[in-house]
Amino acid sequence: MRASGDYEPWVHKSYRLYIAYRRIGMRLVTSTVESWQATIHAFRQQPYVYSYRVGMMLLRSRVIRRLVRLYSRHLLKQTQNLVETLPARSIRDIVTYSKLSKYHFTQLYALCRYLRPRVVVETGVGLGTSSLFILQALEDNGVGKLYSIDEPYSVYQSDAGILIDESAYCANGDRPGMLVPNELRDRWTLLLGKSHELLPVLCERLCSLDFFFHDSEHNYRNMFQEYSIVWPHLRASGVLASHDVEWNTAFQDFADAIQRQPIGWHNLGLIMAS
Ligand SMILES: C[S@@+](CC[C@H](N)C(=O)[O-])C[C@H]1O[C@@H](n2cnc3c(N)ncnc32)[C@H](O)[C@@H]1O
């Protein structure tokens with residue numbers, strides 16, 4: 001390296017300035033990389049939470065909502081065709097069949113075709129994907145009614161302390177169940193409010209039901225409470241189904257309490273009444 005005395009004073013000054021800028025630049029780059037690393041690390045630690053939040057952000061866009069509508073119709077058609085040729089003919093076969101098990105709503109369609117329920121109750125509607133698939137199954141069976149309970153704009157805390165903000169389902173002024181087309185609404189009753197308040201009243205009114213599906217507030221207290229309210233009203237051939245059973249131990253604890261062996265597949269759990 002040449003001695004600084006070899007330079008003219010202005011060259012010497014600009015060289016020092018260059019070094020100073022380089023240090024600042026390096027620091028900026030390092031801190032940006034570090035913050036990216038921290039973000040990536042956080043994503044790896046809680047991939048579900050972040051993908052959920054990104055999904056909810058996207059759902060606020062009208063374009064995305066239109067795409068979801070188109071895609072759900074396409075999936076429904078595909079599922080209808082698939083179920084026509086379904087080789088498996090038992091509840092366990094249906095939920096474990098690989099071509100159906102990617103989404104809970106395709107499983108719900110197949111289960112409702114198989115069980116031919118007359119009264120179905122679900123909690124948690126959101127955009128209405130599960131409602132759409134259940135209602136289409138009832139329509140294809142030519143029998144049955146669906147009663148759905150939903151508390152719009154819900155925000156709650158999971159047992160893991162994560163804030164679940166579900167207000168995006170009703171973005172742009174949409175009501176819960178925006179995916180359900182008019183031609184399927186004759187078989188549908190949508191009740192707005194908290195499930196733990198409305199479910200006991202609804203079950204008393206209906207007396208008995210054939211199929212129950214939980215997909216509302218996924219915390220231990222609410223899940224266990226919903227299962228306990230519905231269970232005495234299930235017909236002997238009835239089925240209790242729950243989404244997101246892996247969020248806590250409520251589903252397994254309930255099955256233990258009533259001494260039943262549940263069928264579990266990914267995040268869907270089923271308990272047969274008999
Ligand atoms: C995950 S989304 C339901 C998705 C829908 N089942 C499907 O498969 O497309 C959950 C819905 O439950 C609603 N919800 C949350 N807590 C609730 C509660 N305590 N009672 C009733 N609905 C609730 C939310 O507002 C949201 O619309």
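Let me sum up the structure you'll find in this document. Nothing here was measured: the structure is a model prediction, and the numbers come from that model. (Residues numbered from 1 in each chain as written. Predicted model: local features only at pLDDT ≥ 70, side-chain atom pairs only at ≥ 80, totals over all residues.)

So, the site of the ligand
- Close to the ligand lie 23 residues, the nearest being Gly124, Gly126, Thr129, Ser130 and Ser154.
- Looking at the shell around the ligand, the elements that each hand over two or more residues are α6 (129-141) and β2 (145-150).
- For the shell around the ligand, the per-class residue count stands at 8 nonpolar, 9 polar and 6 charged. (Near = placed C-beta within 6 Å. Helix = DSSP H or I, 4+ residues; strand = E, 2+ residues; numbered from the N terminus. Nonpolar A, V, L, I, M, F, W, Y, C, P; charged D, E, K, R; others polar.)

Some remarks on the pairing of strand β9 (residues 268-272)
- The buried fraction of β9 is high, at 4 of 5 residues.
- The pairing of strand β7 (residues 234-243) with β9 spans 5 bridges and is classified as antiparallel. Counted as the bridge partner of His243 is Leu268 from β9.
- Two strands pair when backbone bridges link them, and strand β8 (residues 263-265) and β9 are joined in this way by 3 bridges, in the antiparallel orientation. Looking at β9, one finds that Trp265 is bridged to Leu268. (Buried ≥ 20, exposed ≤ 12 C-beta atoms within 10 Å, placed from the backbone. Pairing = 2+ DSSP bridges.)

Concerning helix α7 (residues 195-206)
- For α7, which comprises 12 residues, the first-to-last C-alpha distance of 15 Å matches the rise-based estimate of 16 Å (1.5 Å per residue) to within 8%.
- For α7, every residue scored as buried is listed here: Ser195, Leu199, Leu202 and Cys203. Angular distribution of buried residues about the axis of α7 spans 100°; they occupy a single face of the element. Of the exposed residues in α7, the ones pointing more than 90 degrees away from its buried face are Glu197, Glu204 and Arg205.
- As for α7, its buried residues are in contact with β1 (119-123), β2, β5 (188-192) and α8 (220-230).
- Two residues or fewer after α7 comes Cys207, characterised by a positive phi angle close to 70°. (Expected span 1.5 Å × (residues − 1). Arc of directions from axis to C-beta. Contact = placed C-beta atoms within 7 Å.)

Coordinates in, geometry out; function isn't part of it.
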